[in-house]
Amino acid sequence: MSQRNYLVPYPQRGSIFGAAELDALSEVLNSNLTLSGGAYRESFEKQFREMVGSRHALSVTSGTVALALAINLLGLQPGDEVIATPQTFKATVQPLLDLRVSVRFCDIDPNTLNADPASIEALITARTKAIIIVHYGGLPAEMDRIMRLARARGILVLEDCAHALGSDYFDRRPGSLADIGCFSFHSSKNITTLGEGGMVTFDEDTWLERLDRMRSNDSDADFARAAHRIGELDGAPSWMVYVGNSYTHNCVTLRHAGTNATLAEPNAAFGIAQLSRLDRLVKRRRENAARIDAVLDQFPFVRRVVEPEGVANAYHLYTFFVDPESGANRNWIVERLAQHGVQLQLRYFPLHLLPEWRARGHRVGECPTAERMWFDQQINVPCQPSLSEEQFGRILDALHDVLTEAASRNSTV
Ligand SMILES: *Cc1c(COP(=O)(O)O)cnc(C)c1O
């Protein structure tokens, strides 16, 4: 695939930039202030939590790190069970491989590729401690039903919002719909913080200090004033003793060793400029999506993701489905689009079938709908604002031509 010369290579950037971003960068660089975690980061986090509607938002260096640190806050113990969607990027559940918990992959809704609440409910046991979902492609999952299941049983819910910045769910925002939300500002995402970045959102006040420690080289631990002599530290001068994680305190419970995941100031400043552009970026994605809709609606053997009432899709991914009953072949369509110069990336290979999860006993047949959709039906078409009008026009033309060809092939089969 990489050998081919595409007229429209898959766009590795999701967002667009302008004078606001460049001005923000030059302001930071000319400021003489720290480049590593200061006022820009705080301001980015404040704007972000106000926009999402969560009490807290803490930035980190990637969506993957956001998920790894957030999963730590769930307090999972060996033997606990976690229910997770298999139709997402592998980073959503990867940290669970390092914990001695068992993961039960739920099945998905064939109309949206989001976790199916009925399948989640069927997997709940007395050991279920957490549910991890994604808002696939930017279309919010059925959070009311999922949260009702979880709240009734004291189960924590984590939303992977990597696609859902700019989505709406009954006048609320993903990242405020469950216990904890994780965002990505990777180059391909709805906004970027100069290529890499992430955010964790939540309401729980006790998590604020814990997460802040973890991301900034302190342990996630409870500390108590040392009751006994710690070597030379007894009688330490007052400048050595600071509140909380003090050299002179004892570590009571150690939950996580911590890491450095500080979002740097240039990235945060860039993120602030991108946030003020978010509405326009999402509007552009929706306009592009409507133009793809208009092409697809001419072909009865394809079906597209439909927004339920009260829900707005941010269209991180544009997704449609080929009806295999019609005789149309998904793989043929993807290959033919490539021959027309349009490079697609299909997202996502069902996680339970990745080697690391098969090594944990997961098998074909575990999530029949997720498997059927991935292997036979789902297609993603680029709709990023970064596409030029010429590139996007080519995508629409190629789609029209290839589906017309597929239609005449079907009728001769
Ligand atoms: C991009 C993405 C991530 C990981 O984010 P990074 O910032 O690239 O580490 C996690 N989950 C989903 C669903 C994603 O699309």
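Residues numbered from 1 in each chain as written. Predicted model: local features only at pLDDT ≥ 70, side-chain atom pairs only at ≥ 80, totals over all residues. Heavy atoms only, no water.

- You'll find the protein chain entered in an unreviewed UniProt entry as DegT/DnrJ/EryC1/StrS family aminotransferase, with Nocardia panacis given as the organism.
- Among the UniProt annotations of the protein chain, the heading Cofactor (unreviewed entry) holds the following wording: "pyridoxal 5'-phosphate". (UniProt positions renumbered as here; feature names shortened; annotations may be inferred.)

So, the nonpolar core
Then, number 1: Membership of the largest hydrophobic core comes to 65 residues, with the highest contact counts inside it found for L96, I120, I131, M143, L158 and I180.
Then, number 2: Looking at which element gives the most residues to this core, the answer is helix α3 (residues 63–73), with six residues.
Then, number 3: Counting contributing residues, this core receives three or more from each of domain 1 (19–216 + 259–267) and domain 3 (278–412).
Then, number 4: Not counting residues up to four positions away in its chain, the partners in contact with I180 are A70, L73, L74, V157, L158, E159, V200, T201, F202 and W207. (Core = buried A, V, L, I, M, F, W, Y, C linked by side-chain atoms within 4.5 Å. Buried < 20%, exposed > 50% of the residue type's maximum accessible area, 1.4 Å probe, protein only. Helix = DSSP H or I, 4+ residues; strand = E, 2+ residues; numbered from the N terminus. Domains from an automatic or database assignment. Contact = heavy atoms within 4.5 Å.)

So, the packing of aromatic side chains
Then, number 1: Here the structure, examined in full by the defined rule, presents 14 aromatic pairs.
Then, number 2: Seen from their ring centres, F48 and F185 are 5.6 Å apart, and the 75° between their planes marks the pair as edge-to-face. On the criterion of sequence distance, the pair formed by F48 in helix α2 (residues 39–52) and F185 in the loop between β7 (180–184) and β8 (198–202) is long-range, its members being 137 residues apart. F185 matches F48 in its accessibility class, with the two residues each being buried.
Then, number 3: Pairwise contacts between aromatic rings join F44, F48, F183 and F185 into one cluster.
Then, number 4: Between R409 and the ring centre of W332, over which it is positioned, the NZ or CZ distance is 4.2 Å. (Phe/Tyr/Trp six-rings, centres within 6.5 Å; stacked < 30°, edge-to-face > 60°. Lys NZ or Arg CZ within 6 Å of the ring centre and 35° of its normal.)

A short note on the site of the ligand
Then, number 1: The environment of the ligand is formed by 16 residues, the closest being G63, T64, D160, S184 and K189.
Then, number 2: For the ligand, an oxygen atom lies 2.6 Å from a polar atom in the side chain of T64.
Then, number 3: One nitrogen or oxygen atom from the side chain of K189 is found 3.0 Å from an oxygen atom belonging to the ligand.
Then, number 4: Among the cavities detected, the one that contains the ligand is the largest pocket.
Then, number 5: For the shell around the ligand, the element with the highest residue contribution is α3, accounting for three residues.
Then, number 6: For the shell around the ligand, the per-class residue count stands at five nonpolar, nine polar and two charged. (Near = heavy atom within 4 Å. Polar contact = N/O pair within 3.5 Å; in protein donor to acceptor, adjacent residues only side chain to side chain. 1 Å grid on protein atoms, 1.4 Å probe; cavity = no way out; pocket = protein on both sides within 12 Å on 5 of 7 lines; lining within 4 Å. Sits in = over half its atoms within 2 Å of the grid points. Nonpolar A, V, L, I, M, F, W, Y, C, P; charged D, E, K, R; others polar.)

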